[in-house]
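Here's the letter readout for the chains.
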Amino acid sequence: MPRKVLWAILIGSALHGFFVLTARYHWSYDAYTHMLFGNHYRENWFGLWEPRWYTGFEVVSYPPLIHQLVGAFAFLVGFEAAFAIMLWLITSLVPLAIYSWSHIFIGKTASAHAALISAIHLPIFVTAHIFGQLPFLAATTLALFEMSALALYLKHGKPRHLFLAVALTATTMAAHHATLMAQPFLGFAVVVAYVERENLKTIALRVTHYLLLAIPAGVLVIWPFWAWGQTQQLQTPIDHLSRYNFFQSALAAAIFFLPYYLPLGFILPFLVKKINKKHFGLAFAFLFFFIIGLGGTTPLPKILLGKNWEWLTYDRFAFWASLLLVTFLGMNFARLKQRWRLTLPFGFLPRWKVNPTHLIIAFLFCLSLLSWTTPFMLPLQPSEIDMQPIVSFLEEDNHSDWRYLTFGFGDQFAHLNLLTTATTIDGSYHTARTLPELRQSGIGQIDTTFWALKGIPAIRPILQKSGEHGVRWGFVNKWEYVLELNKAGWKYKQTLSNNISVWENPNAIRPEPFQPPQVSKLESLSWGILPMFSLFCTGWLTILCFKPLQRRSKGAPTQPVHQPPWH
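My aim in this report is to walk through the structure given alongside it, one point at a time. Here the structure is a predicted model, which is why all the values come from computation and not from measurement.

1. Description of the overall build of the chain
Working step 1: Within the chain, the regular secondary structure consists of 24 helices and eight strands.
Working step 2: By the compact-globule yardstick of 24 Å for 567 residues, the chain fits well, its C-alpha radius of gyration being 25 Å.
Working step 3: Seen through its C-alpha atoms, the chain measures out along the principal axes to roughly 80 × 70 × 50 Å.
Working step 4: For the chain, with 567 residues in total, the buried portion stands at 56%.
Working step 5: If you sum the accessible surface of the chain, you get close to 25,200 Å²; carbon and sulfur atoms cover 64% of it.
Working step 6: Between the centroid of the 43 positive side chains of the chain and the centroid of its 27 negative side chains there is a distance of 22 Å.

2. Describing the nonpolar core
Working step 1: Counting residues in hydrophobic clusters, the biggest one holds 157 residues, and the most contacted among them are W101, V190, F289 and F407.
Working step 2: Ignoring sequence-local partners within four residues, the contact set of W101 consists of L144, M147, S148, L186, A189, V190, L282, L324 and T327.
Working step 3: Counting residues in hydrophobic clusters, the runner-up holds 18 residues, among them F393, F413, L496 and I500.

3. What to know about the packing of helix α8 (residues 159-175) against helix α10 (residues 200-221)
Working step 1: As a packed pair, α8 and α10 sit with axes 8 Å apart at the nearest point and diverge in direction by 30°. Relative to α10, α8 is oriented roughly parallel. Once α8 is placed against α10, the crossing between them reads as right-handed. Listed contacts from α10 to L162, F163, A165, V166, T169, A170, M173 and A174 of α8 are H209, Y210, L213, A214, A217, G218 and V221.
Working step 2: The class makeup of the residues in the contact of α8 with α10 is 12 nonpolar, three polar and no charged.

4. Topic: the sheet that holds strand β5 (residues 403-407)
Working step 1: Taken in spatial order, the four strands make up an open sheet running β5-β6-β8-β7, and their pairing is mixed. Of all strands in the sheet, those with a lone pairing partner are β5 and β7 (491-495), marking the two edges. Pairs of neighbouring strands in the sheet enclose a mean axial angle of 25°, with direction left out of account.
Working step 2: For β5 and strand β6 (residues 471-476), the ladder comprises five bridges, and the chain directions are parallel. Within β6, the position partnered with R403 by the bridge is V471.

5. Side note on the packing of aromatic side chains
Working step 1: Applying the stated criterion across every chain yields a total of 41 aromatic pairs.
Working step 2: Judged by centre distance (6.0 Å) and plane angle (40°), the rings of W309 and Y314 are tilted.
Working step 3: Under the relative-accessibility criterion, Y314 is labelled buried at 0%.
Working step 4: By the ring-pair criterion, three or more aromatic residues cluster together here, those being F136, F185, F188, F284, F288, F289, W309, Y314, F317, F319 and W320.
Working step 5: For R472, the ring lying beneath its charged end belongs to W402, and the centroid distance is 4.8 Å.

6. Observations concerning a nonpolar patch on the surface
Working step 1: Together, F46, L525, I529, F533, F536 and W540 line one region of the surface with nonpolar side chains, adding up to about 630 Å² of accessible area.
Working step 2: Here L525 lies in helix α24 (residues 521-553).

Calculation notes
Counting starts from 1 at the beginning of each chain's written sequence and moves along it residue by residue. Only residues with pLDDT of at least 70 are given local features in this predicted model, and only at 80 or more are side-chain atom pairs given and counted; all residues enter the totals for whole chains, interfaces and linings. The basis for every side-chain value is the complete set of heavy atoms in the structure, and neither hydrogens nor water enter the calculation. Strands here mean DSSP runs of E at least two residues long; helices mean DSSP runs of H or I at least four residues long; both are numbered from the N terminus. The globule rule used here is 2.2 Å times the number of residues to the 0.38 power, and the radius of gyration it is set against is calculated over C-alpha atoms. Burial status follows relative accessibility: with a 1.4 Å probe on protein chains alone, a residue under 20% of its type maximum counts as buried, one over 50% as exposed, and anything between as partly exposed. Computed by Shrake-Rupley with a 1.4 Å probe, the accessible areas treat only the displayed protein chains as cover when residues are assessed. Positive charge is attributed to Lys and Arg, negative charge to Asp and Glu, and no charge count is given to His or to the chain ends. By convention, charge coordinates are those of NZ in Lys, CZ in Arg, CG in Asp, or CD in Glu. Remark: nonpolar core denotes a set of buried residues (Ala, Val, Leu, Ile, Met, Phe, Trp, Tyr, Cys) joined through side-chain atoms within 4.5 Å. Residue contacts are counted whenever heavy atoms from the two residues lie within 4.5 Å of one another. Axis lines are fitted through C-alpha atoms, for helices just across the contact stretch, and the angle between N-to-C directions can take any value from 0 to 180 degrees. Here the angle decides the label: under 35 degrees means roughly parallel, over 145 means roughly antiparallel, 65 to 115 means roughly perpendicular, and every other value means oblique. Crossings are assigned a handedness: left-handed for a near helix turned anticlockwise from the far helix by less than a right angle, right-handed for a clockwise turn. Gly is put with the polar residues, along with every residue not named as nonpolar or charged; the nonpolar set is Ala, Val, Leu, Ile, Met, Phe, Trp, Tyr, Cys and Pro, and the charged set is Asp, Glu, Lys and Arg. Only when DSSP finds a minimum of two bridges between them are two strands counted as paired. Pairing of aromatic rings covers Phe, Tyr and Trp, the last through its six-membered ring, and needs centres within 6.5 Å; plane angles under 30 degrees mean stacked, over 60 mean edge-to-face, and all others mean tilted. In this analysis the charged atom, NZ for Lys or CZ for Arg, is taken to sit over a ring once it is within 6 Å of the ring centre and within 35 degrees of the ring normal. What goes into a patch is any residue over 30% in relative accessible area without a salt bridge, connected to like charges within 9 Å or, for nonpolar side chains (Val, Leu, Ile, Met, Phe, Trp, Tyr), within 5 Å. What counts as a salt bridge is simple: a side-chain nitrogen of Lys or Arg found within 4 Å of a carboxyl oxygen of Asp or Glu.

Right under this line is the structure:
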């Protein structure tokens with residue numbers, strides 16, 4: 001492994017460690033959501049029902065692996081530290097994944113440059129520390145390793161590489177299902193890189209071997225999720241800025257276009273200049289992800305998906321496109337280093353010769369660090385709220401026997417859900433909700449309608465029915481909600497020491513004790529065992545792939561060595 005890759009891992013780990021240790025995830029959108037799932041597995045590993053949101057929902061609606069790992073660490077350090085450890089670990093592995101992926105298409109030196117760029121790549125910081133999408137980032141990282149193992153099998157035909165690719169496929173599915181939309185295009189890029197006229201039959205046979213094993217493995221490892229999905233119907237679409245036309249919405253472009261393409265967008269004009277046959281699949285995958293990632297800016301999502309296009313979010317496609325850009329930039333770094341030199345005069349100081357690659361690295365480094373200030377420069381979330389007074393209120397006089405709602409807490413309302421046994425009809429994983437009032441509302445969280453397109457009046461039908469679901473308490477952080485609460489007949493009760501006002505719904509009916517739906521032991525056991533087993537198999541097969549390297553280091557004859565994907 002080139003020394004530059006080791007430096008990339010260290011730099012990435014140090015930078016992401018700074019973000020993690022300063023708890024930047026407190027202001028991210030999804031961090032507390034994943035902590036809640038992790039906390040669920042800590043408290044009830046084999047339980048498939050989570051009561052704290054939506055009057056209860058099925059956790060099989062979300063692939064469990066990363067949440068189970070958070071839950072496992074939480075036994076030792078608590079759910080927040082467990083999330084932070086997992087976030088730090090995954091972000092530190094990204095440069096290694098980028099190196100292993102890029103090495104399929106370009107040489108070691110260029111791949112090492114790509115790894116170095118990925119250590120300071122702005123979209124990774126945005127995804128990890130602003131959006132808080134830990135399972136998605138983990139699954140994408142695993143998918144890159146998966147494609148590297150597949151490339152080794154296509155090249156060498158060794159069974160251990162095949163089984164490693166299959167195990168990585170299953171592990172990727174256990175981490176996040178959305179990666180399934182990327183894997184066919186990434187796989188296509190790998191096949192194109194290795195297929196030649198003389199080996200067409202061999203490659204086709206090996207691809208068939210892989211598909212015959214990988215597809216059943218990906219289905220089996222989280223089969224309760226696929227079974228649950230068969231029973232679901234699409235909800236009323238929820239507004240999302242990634243579906244906007246970026247030419248018409250400056251805010252949508254600022255959040256879902258510029259962070260992904262501003263750092264590396266300058267190389268886009270050069271992509272079509274020198275694309276050889278080996279890179280055709282890579283270029284095609286990038287082009288597809290790039291166009292789909294524009295969301296409503298182009299008609300392609302509507303053409304491909306019909307009405308279903310309104311339920312997807314498209315920032316993930318932009319993220320995948322930005323990762324492929326890293327490979328292309330690594331490909332051109334050596335060329336830039338050799339051909340371009342800049343001489344910068346500094347007055348009476350000697351004239352310095354500066355390589356453009358150094359300037360690019362410095363620019364990307366500054367952008368990544370600047371993203372740390374995003375919550376202050378673009379405050380789309382309220383200030384941090386002290387939850388303890390609310391927890392204390394709910395613990396008094398059996399208040400937690402009733403359900404509650406929060407108004408204007410932003411995505412940190414899920415933090416409160418973690419700290420109390422009281423339940424709510426709100427939640428932060430819209431796919432899993434079952435209440436008709438929520439599924440038909442066209443809003444995400446009840447709490448965050450202040451920032452939503454439909455605005456606060458959209459919660460009026462929900463407030464009218466909330467008493468029937470046992471909602472008695474409301475905690476208000478934005479006074480703009482008060483008008484709707486008054487219209488619904490809610491009464492002001494008191495103001496807590498953290499300046500959160502408490503409102504009471506006089507029409508609330510005490511919720512009856514609810515029994516979770518019965519599930520088979522097979523479903524419960526497979527959900528609790530198979531995802532972690534797939535990770536164990538991946539680790540074991542990785543060790544097997546390292547054995548040839550160990551033999552070589554001890555003086556074995558120098559012959560072609562079938563290396564692990566990241567070597």
